[in-house]
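Each chain, letter by letter, is given below.
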Amino acid sequence: MTSKPRLMQGNEACVEGAIAAGMRFYAGYPITPSTEIAEIAAERLPKVGGKFIQMEDEIASMGAVIGASLAGLKAMTATSGPGFSLKQENLGFACLTEVPCVVVDVQRGGPSTGQPTMPAQGDVMQARWGTHGDHPIITLSPSYVREVFDMTIRAFNLSEKYRVPCILLMDEVVGHLRERVELPDPASIKVINRKRPDFSKIEQYNPYQDYDGDGVPPMVNFGEGVPYHVTGLIHDITGFPSTSPAVTEYLISRLMRKINDNLDDIIDYEKLYTEDAETVVVSFGSTARSAIRAAKILRKEGEKVGVLRLKTIWPFPHKAIQELAPTTKNIIVAEMNYGQLIEVVEASAKGRFNVIGLNKFNGELISPDEVIAKVREVNKNA
Amino acid sequence: MRKNLEKYFRIDKLPHIWCPGCGHGIITGAVVRAIDNLKLDKDKICIVSGIGCSSRAPGYLNFNTLHTTHGRALAFATGLKLANPDLKVIVLTGDGDCTAIGGNHFIHACRRNIDITTVVFNNSIYGMTSGQYSPMTPAGAYATTAPYGNIDRNFDLCKLAQASGATYVARGTVYHVPQLIKIIEKALQHKGFSVVETVSICPTYFGRKNKMGSPVKMMEMLRDNSVTVKAAEKMSREELANKIVIGEFYEENAPEYTEEYKKIIQKAQGEE
Ligand SMILES: Cc1ncc(C[n+]2csc(CCOP(=O)(O)OP(=O)(O)O)c2C)c(N)n1
Ligand code: SF4
């Protein structure tokens, strides 16, 4: 049974999805175009017994989210460009200490304070490499309001399952868009919680021991009677700092492995008309909607155009690119930035495809007409 | 170490990394004694720190311990405490950690009056990065980044805490250990945000740069230059220059943050 359809904003769907996934803690600092997420969370959370706190800045919010998660609550924060930059050091802490949490970045134009009210997709690389050092991360990007709801749940589930911060990379269009949404029956929603140690099998709890061989150590929350140490320094399986090269290599490898061994579980995308496509438009977020609209129009005219809409951006779905049909010659990467994802697409294309960028970085979204024009241009030159 | 205190330490992590003569071990010992005297539930204690020599203390302590990023201990601690108000949250932080990079978090934690006890290890210097001046380095003192003498004016941490809204504020030193234990006990029992500034010594950097002699000499300095809050009341400004005023400065019963939030939950749920 689904709920009565209602008009819902992307940012609102994000909070509803988070609560459905079990979010019971939110710490944040207001910034356009993410602010509604904080406002709605402030109203909704105490109603379900959860906690909301407006911290003094984004650095503090990220710290509070990690603290709350360690105390056992599913925790989230939301922000935009400049705030996302501020969160990066503590985000790295969460990656290394394997504290589940969700960070929503409703992108705006950058760099710096940039274009606060205008859409952009310029945080693709910040979402991957914003913090220092090698680290795992998962980044999802929704295109529709209903998808924001589902994907926020998925972000929590993946974060809890793999003990990794998960970033929900939205853009202003999706965050502020209002669409008719029917929410699913709460009973039908699959919620994943962090793996707990089985104390009947464990003699001594080591907080960073890979007991099950899947790279994901089971987690005890603070206050549950099993004290342990958490540090942002490189640590051994007991959680204590180590300067040993072997320990360092093992830890970083395990962190990467727990994601890289599960790409099929994590990566999600939508393919439209790609089976016989000569040109495929790769896109995500609101831009992907323009790409799909353009492809539908062009197909009617007989153009062999397909769309690959990325729902998972990091880890990057290299296989989806490599497995494009033998008919495919051109890939157009449409993104609202100067060209960030295109470099990754080129890396997966390995010269097999002709990769062309469709970029816009003036604060306006990429329209279906612009995609159509680009496809025509590419096909004419081909 | 006294046998009854061993359970509070991770004995296998000792010896600690602190230099001979460093005051940080004394403060850590005082915190543990205060916890022991109060018979607090060990499993509910969370000790949170930032980065610095002082912030390494939690690693040696057998509780839920969290060694965070530089300056951010109070932000993490706020999340822990609000998420689970049953936890007893104690923050151990350095003067640089707390008042420079973490200054903003400090004043806002004071303002919220969240039930966290913060013990500031004030050695007047950045120890871990080898002797640069901190916001607590007295004007005129030398540091590796103040080779001609420091022209920055230092905070009065206790006044800052009180003005920002902390509801228990006290200062002690590593020389006056029994008093220090007593004020940490008071701080731990206090409901609300409590701050204990503890004047520590860093013989390796502050002491050497400022030609203060051996650690023993530095301890004698603390002894000779400390005056109690009571005695200070009768002293003039001039007499108080370069003196360390120790004791309790402020105590107030004010609404505590996590309890106020409980009321928010009741309000929100009542309206449904
Ligand atoms: C973001 C960041 N900036 C700088 C540092 C380097 N750093 C490590 S400890 C420290 C100073 C610590 O001084 P204090 O808090 O006074 O503690 P102490 O070592 O004196 O006990 C600094 C600047 C860091 N770790 N992180
Ligand atoms: S450098 Fe100073 S503060 Fe750090 S351990 Fe040595 S004496 Fe203590």
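This text follows the structure it describes.
What counts as what
- Residues numbered from 1 in each chain as written.
- Chains lettered and ligands numbered in written order.
- Predicted model: local features only at pLDDT ≥ 70, side-chain atom pairs only at ≥ 80, totals over all residues.
- Heavy atoms only, no water.
- Near = heavy atom within 4 Å.
- Nonpolar A, V, L, I, M, F, W, Y, C, P; charged D, E, K, R; others polar.
- Buried < 20%, exposed > 50% of the residue type's maximum accessible area, 1.4 Å probe, protein only.
- Helix = DSSP H or I, 4+ residues; strand = E, 2+ residues; numbered from the N terminus.
- Pairing = 2+ DSSP bridges.
- Axes fitted to C-alpha atoms, helices over the stretch in contact; angles between N-to-C directions.
- Contact = heavy atoms within 4.5 Å.
- Buried area = accessible area lost by both parts, 1.4 Å probe.
- Salt bridge = Lys/Arg side-chain N within 4 Å of Asp/Glu carboxyl O.
- Polar contact = N/O pair within 3.5 Å; in protein donor to acceptor, adjacent residues only side chain to side chain.
- Phe/Tyr/Trp six-rings, centres within 6.5 Å; stacked < 30°, edge-to-face > 60°.
- Lys NZ or Arg CZ within 6 Å of the ring centre and 35° of its normal.
- Parallel < 35°, antiparallel > 145°, perpendicular 65-115°, else oblique.
- Left-handed = near helix turned anticlockwise from the far one by under 90°.
- Areas by Shrake-Rupley, 256 points an atom, 1.4 Å probe, with all protein chains shown as cover.
- Patch = residues over 30% accessible without salt bridge, like charges linked within 9 Å, V, L, I, M, F, W, Y side chains within 5 Å.

Colleague: What am I meant to see in the site of ligand 2 here?
Modeller: Residues in contact with ligand 2, as listed here, are Trp18, Cys19, Cys22, His24, Cys53, Asn123, Gly127, Cys202, Pro203, Thr204 and Tyr205 of chain B. Tallied by class, residues from the shell around ligand 2 come to 7 nonpolar, 4 polar and no charged.

Colleague: Explain the pairing of strand 4 (residues 116-122) of chain B to me, please; I cannot follow it from the model alone.
Modeller: All names here are of chain B. Taken across its 7 residues, strand 4 has 7 buried, putting it largely inside the fold. Across the two faces of strand 4 the burial is the same, with Ile116, Thr118, Val120 and Asn122 and Thr117, Val119 and Phe121 all buried. Pairing of strand 3 (residues 88-94) with strand 4 involves 6 bridges; the strand directions are parallel. Across the sheet, residue Gly94 finds its bridge partner in strand 4, namely Phe121. Where strand 4 meets strand 6 (residues 194-199), 6 bridges bridge the pair, whose relative direction is parallel.

Colleague: Hey, could you run me through the sheet that holds strand 13 (residues 312-314) of chain A in this one?
Modeller: Backbone hydrogen bonds hold the strands of a sheet together, and the pairing may be parallel or antiparallel. All names here are of chain A. Pairing in this open sheet of 7 strands is mixed, and the strands run 3-2-4-5-7-6-13 from one edge to the other. Looking at the sheet topology across the chains shown, the edges are occupied by strand 3 (51-54) and strand 13. The mean angle between the axes of side-by-side strands here comes to 25°, regardless of whether they run parallel or antiparallel. In terms of strand pairing, strand 6 (residues 138-140) meets strand 7 (residues 165-171) through 3 bridges, oriented parallel.

Colleague: Explain the environment of Asp261 of chain A here, please?
Modeller: Locating Asp261 of chain A in the fold gives a position in the loop between helix 8 (245-260) and helix 9 (263-266). With 66 residues separating them along the chain, Asp261 of chain A and Thr327 of chain A place their C-alpha atoms 30 Å apart.

Colleague: I tried to follow the interface of chain A and chain B on my own but got confused; where do I start?
Modeller: How big an interface is tends to be expressed through the accessible area that disappears when the partners come together. Opposite the 39 residues of chain A that make contact, chain B presents 39 residues. Both faces considered, chain A and chain B share a buried interface measuring about 3,200 Å² in area, 61% of it formed by carbon and sulfur atoms. Summed over the shared surface of chain A and chain B, the result is 1 salt bridge. Viewed at the interface, chain B and chain A are joined by 16 residue pairs in polar contact (both at pLDDT 80 or more). Taken together, the elements giving at least two residues each to the side of chain A that touches chain B come down to strand 3, helix 3 (58-70), helix 4 (81-97) and strand 9 (229-231) of chain A.

Colleague: How do you make sense of the packing of aromatic side chains when you look at a structure like this?
Modeller: What describes a pair of aromatic rings is the distance from one ring centre to the other and the angle between the planes of the rings. One pass over the full model with this rule turns up 10 aromatic pairs over all chains. Aromatic pair Phe93 of chain A and Phe76 of chain B: ring centres 5.1 Å apart, planes at 75°, arrangement edge-to-face. In this pair, Phe93 of chain A sits in helix 4 while Phe76 of chain B sits in helix 2 (residues 73-83), so the two residues belong to two different chains. Residue Phe93 of chain A shares its accessibility class with Phe76 of chain B, and that shared class is buried. With centroids separated by 5.3 Å and ring planes inclined at 75°, the aromatic side chains of Phe222 of chain A and Tyr228 of chain A adopt a geometry described as edge-to-face. Comparing Phe222 of chain A with Tyr228 of chain A shows no difference in burial state: the two are buried. Of the aromatic side chains, those joined through ring pairs into one cluster are Phe199, Tyr205, Phe222 and Tyr228 of chain A. Geometry around Trp129 of chain A places Arg128 of chain A over its ring, the cationic atom sitting 3.8 Å from the centre.

Colleague: Whenever I open this one, the packing of helix 1 (residues 10-21) of chain A against helix 2 (residues 35-44) of chain A confuses me. Can you help?
Modeller: Residue and element names in this part refer to chain A. Direction vectors running N to C along helix 1 and helix 2 enclose 45°, while the axes themselves pass 8 Å from each other. With respect to each other, helix 1 and helix 2 are oriented oblique. In this structure, the crossing between helix 1 and helix 2 has a hand that is right-handed. Facing helix 1, whose interface residues are Asn11, Glu12, Cys14, Val15, Glu16 and Ile19, helix 2 presents Glu36, Ile37, Ile40, Ala41 and Arg44. Tallied by class, residues from the contact of helix 1 with helix 2 come to 6 nonpolar, 1 polar and 4 charged.

Colleague: What is the right way to read the site of ligand 1 from this model?
Modeller: By nearness alone, 18 residues border ligand 1, and His24, Cys53, Ser54, Asp97 and Gly127 of chain B come closest of all. Ligand 1 sits at a junction of chains, with neighbouring residues supplied by chains A and B. Asp97 of chain B places a polar main-chain atom, nitrogen or oxygen, 2.7 Å from an oxygen atom of ligand 1. Interatomic distance of 2.9 Å between a backbone N/O atom of Met128 of chain B and an oxygen atom of ligand 1. Look at ligand 1: alone it shows 590 Å² of surface, and the protein chains cover 77% of it. For the shell around ligand 1, the element with the most residues is helix 3 (residues 95-101) of chain B, which contributes 4 residues. Residue classes in the shell around ligand 1 are distributed as 6 nonpolar, 9 polar and 3 charged.

Colleague: What is the right way to read a nonpolar patch on the surface from this model?
Modeller: Residues and elements named next belong to chain B. Together, Ile17, Ile51 and Met128 make up an exposed nonpolar region whose accessible area comes to about 230 Å². Here Ile51 is to be found in the loop between strand 1 (45-49) and strand 2 (64-67). On the basis of relative accessible area, Ile51 is assigned to the partly exposed category, the value being 30%.

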